Amino acid sequence: MGNEFKEYITFVVSTRDGDEVEMAVIDQFEFENKAYVAAALVEGDTVSDEGCFIYRIKVGEDDFKVEKITNQIDYNRVAEAYMEMI
């Protein structure tokens with residue numbers, strides 16, 4: 001099939017070091033009545049296929065707000081549920 005171009009919704013988050021990185025939404029799902037996205041790091045013009053990060057989202061009429069899941073236990077529960085879904 002060759003190389004297929006896929007367009008992603010992206011957002012920017014700050015790392016622990018204070019750097020900003022661009023992330024691409026690779027999946028969206030719900031868990032316990034809350035919305036989440038699975039995202040991958042954008043490197044140049046490519047979406048990394050190494051690693052997946054989970055963020056909670058609040059969806060508005062025209063956009064969404066990304067929130068880090070700061071509690072490690074909550075993050076692990078959501079990540080485990082996502083892995084079971086895929």
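Residues numbered from 1 in each chain as written. Predicted model: local features only at pLDDT ≥ 70, side-chain atom pairs only at ≥ 80, totals over all residues. Heavy atoms only, no water.

Which residues make up the pattern of salt bridges, and what values go with them?
Tallied over the full model, the rule gives two salt bridges. Its salt-bridge partner being R77, residue E32 comes within 2.3 Å of it at the nearest N-O pair. Placement of E32 in the loop between β2 (20-31) and β3 (34-43) and of R77 in helix α1 (residues 72-85) is noted, with a sequence separation of 45 residues between them. Residue class for R77 comes out partly exposed when judged on its relative accessible area of 37%. Between R77 and D74 there is a salt bridge, and its shortest N-O distance comes to 3.9 Å. Remark: D74 and R77 occur in helix α1; sequence separation between them is three residues, near one turn of the helix. (Salt bridge = Lys/Arg side-chain N within 4 Å of Asp/Glu carboxyl O. Helix = DSSP H or I, 4+ residues; strand = E, 2+ residues; numbered from the N terminus. Buried < 20%, exposed > 50% of the residue type's maximum accessible area, 1.4 Å probe, protein only.)

Help me get a handle on unusual backbone geometry, residues and values and all.
Across residues other than glycine, the phi torsion is negative in most instances, and most of the peptide bonds are trans. Look at E32: it is not a glycine, yet its phi comes out positive at around 50°. The phi dihedral of N33 is positive, around 65°, even though this residue is not glycine. Relative to the helices and strands, N33 is located in the loop between β2 and β3.

Outline the side chain of S48, listing residues and values.
Locating S48 in the fold gives a position in the loop between β4 (46-47) and β5 (53-59). According to the relative accessible area criterion, S48 is buried, its value standing at 14%. Within the local environment of S48, its side chain forms a polar contact with the backbone nitrogen of E50, the two atoms lying 3.1 Å apart. Excluding its chain neighbours within four sequence positions, the residues that come into contact with S48 are A40, L41 and E43. (Polar contact = N/O pair within 3.5 Å; in protein donor to acceptor, adjacent residues only side chain to side chain. Contact = heavy atoms within 4.5 Å.)

Before we move on, can you summarise the nonpolar core with the specific residues and values?
Core analysis: the biggest nonpolar cluster contains 11 residues, these being F29, F31, Y36, A38, I54, I69, Y75, V78, A79, A81 and Y82. Elements with a minimum of two residues in this core: β2, β3 and α1. With five residues, α1 is the largest single contributor of residues to this core. Aside from chain neighbours lying at most four places away, what touches A38 is A24, V25, I26, D27, F29, C52, F53, I54 and Y82. In terms of nonpolar packing, the next biggest core, distinct from the first, is built from nine residues, V25, A35, A39 and Y55 among them. (Core = buried A, V, L, I, M, F, W, Y, C linked by side-chain atoms within 4.5 Å.)

With reference to specific residues and values, describe the packing of aromatic side chains.
Scanning all chains against the criterion turns up four aromatic pairs. Ring plane angle 85° and centroid distance 5.4 Å describe the contact between F11 and Y55, whose orientation is recorded as edge-to-face. Taken together, the residues F11 in strand β1 (residues 10-14) and Y55 in strand β5 connect sequence positions 44 residues apart. You'll find F11 and Y55 in the same group, each marked buried. Seen in terms of ring centroids, F29 and Y36 are 5.5 Å apart; in terms of plane orientation they differ by 20°. Their pairing is stacked. Here F29 matches Y36 in class, with each residue buried. Of the aromatic side chains, those joined through ring pairs into one cluster are F11, Y55 and F64. (Phe/Tyr/Trp six-rings, centres within 6.5 Å; stacked < 30°, edge-to-face > 60°.)

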